[in-house]
Amino acid sequence: MDTNYLENNYLTLVGKVTGEKKFSHEIYGERFYVFDLSIDRLSGNADIIPVTVSERLIKDEMLQEGKKLLVKGQFRSYNNYENSKNRLILTVFTKDIIEVEENEEIEQENEMVRKDTITNEVVLIGYICKKPIYRQTPFGREISDILLAVNRAYNKSDYIPCIAWGRNARFCQDIEVGTQVKIVGRVQSRTYEKKFEDGTIEQRVAYEVSVGSLEIVQENDTEKEIESQEAV
């Protein structure tokens, strides 16, 4: 199957800028910046997602605190070598970004919808590159941790951690390494404590895709759809 790198990794986020933009890196004279986008959940909490954007796509006033933005792009990963250790860093790489007015409408799949209804959706097509880890919480909730390798141009890949729930989590127990799957979900952030050998504790933030639906991509280019299990 020919790979379309714009179809196997794409997302749409609508949220508000929080904090200040920071310089990230420069490539061939093009400067890139990172800022955080706060995206509300139905629960009332918010995901704080790092976004990388080229200076060519923005104006200074766009990234002011509280500005509401529509971001389209890809969920990417890269390795950061720090203190002789390798750490996987995740960020949204921006392809398009515009400022959003309240109740403004856009065309989505040939239908006019309000921009603020499309708040957080990511679609990934990639390969299971590590045996999924199935577990149950003390309250009996079923969870599977998945690591997905998503091909990118120039023989690169993004390694995206995903988390499946309920029946999708049970199904993931039997998925073999190397299986190609399609995942639709949302990008989420969560805090956790990192404990070190000297007893110190550091608060960190992890980013992952919360799986809403999961499909196995068959070799004959047809897809076997697994019943969607929405994350609560």
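The rules behind these values
Residues numbered from 1 in each chain as written. Predicted model: local features only at pLDDT ≥ 70, side-chain atom pairs only at ≥ 80, totals over all residues. Heavy atoms only, no water. Buried < 20%, exposed > 50% of the residue type's maximum accessible area, 1.4 Å probe, protein only. Helix = DSSP H or I, 4+ residues; strand = E, 2+ residues; numbered from the N terminus. Pairing = 2+ DSSP bridges. Salt bridge = Lys/Arg side-chain N within 4 Å of Asp/Glu carboxyl O. pLDDT = per-residue confidence, 0-100. Contact = heavy atoms within 4.5 Å. Core = buried A, V, L, I, M, F, W, Y, C linked by side-chain atoms within 4.5 Å.

A. Structural detail: the pairing of strand β13 (residues 201-217). Among the 17 residues in β13, 12 count as buried, and that is most of the element. Relative to β13, strand β11 (residues 156-165) runs parallel, the two being bridged by 2 bridges. Looking at β13, one finds that Cys162 is bridged to Val209. Examined bridge by bridge, strand β12 (residues 180-195) and β13 share 15 bridges and lie antiparallel to one another. Directly across from Lys182, in β13, lies its bridge partner Glu215. In this antiparallel pair of consecutive strands, β12 and β13, the connection spans 5 residues, and Gly199 shows a positive phi of 95°.

B. How the structure looks around the pattern of salt bridges. Following the criterion strictly, the structure yields 10 salt bridges and no others. A salt bridge links Arg56 to Glu30; its shortest N-O distance comes to 3.8 Å. Placement of Arg56 in the loop between β3 (46-54) and β4 (68-82) and of Glu30 in strand β2 (residues 30-40) is noted, with a sequence separation of 26 residues between them. A salt bridge links Glu99 to Lys67, with the nearest nitrogen and oxygen atoms 3.1 Å apart. Here Glu99, found in strand β5 (residues 85-99), pairs with Lys67, found in the loop between β3 and β4; they are 32 residues apart in sequence, far enough to count as distant. Taking relative accessible area as the criterion, Glu99 reaches 31% and is therefore assigned partly exposed. One continuous salt-bridge network, built from bridges that share partners, spans Arg41, Asp47 and Arg186.

C. A look at the confidence of the model for the chain. On average, residues of the chain score 85 in pLDDT, and 83% of them are at 70 or above. Element-level pLDDT for the chain is lowest in strand β14 (residues 223-225), with a mean of 43, against a maximum mean of 97 in β3. pLDDT under 50 marks residues 221-232. Its contacts with residues more than four places away, or in other chains, come to 33 contacts.

D. Geometry of the environment of Ile143. Among the secondary structure elements, Ile143 is positioned in strand β10 (residues 142-152). Spatially, the C-alpha atoms of Ile143 and Ile163 are 6.8 Å apart, while their sequence positions differ by 20 residues.

E. Broad picture of the nonpolar core. Counting 36 residues, the largest nonpolar core has Phe35, Leu69, Phe75 and Cys162 as the members making the most contacts within it. Tallying contributions element by element places β13 first for this core, with 4 residues. With residues up to four places along the chain from it excluded, the contact list for Phe35 reads Val17, Lys21, Ile49, Pro50, Val51, Val53, Leu63, Leu69 and Ile97.

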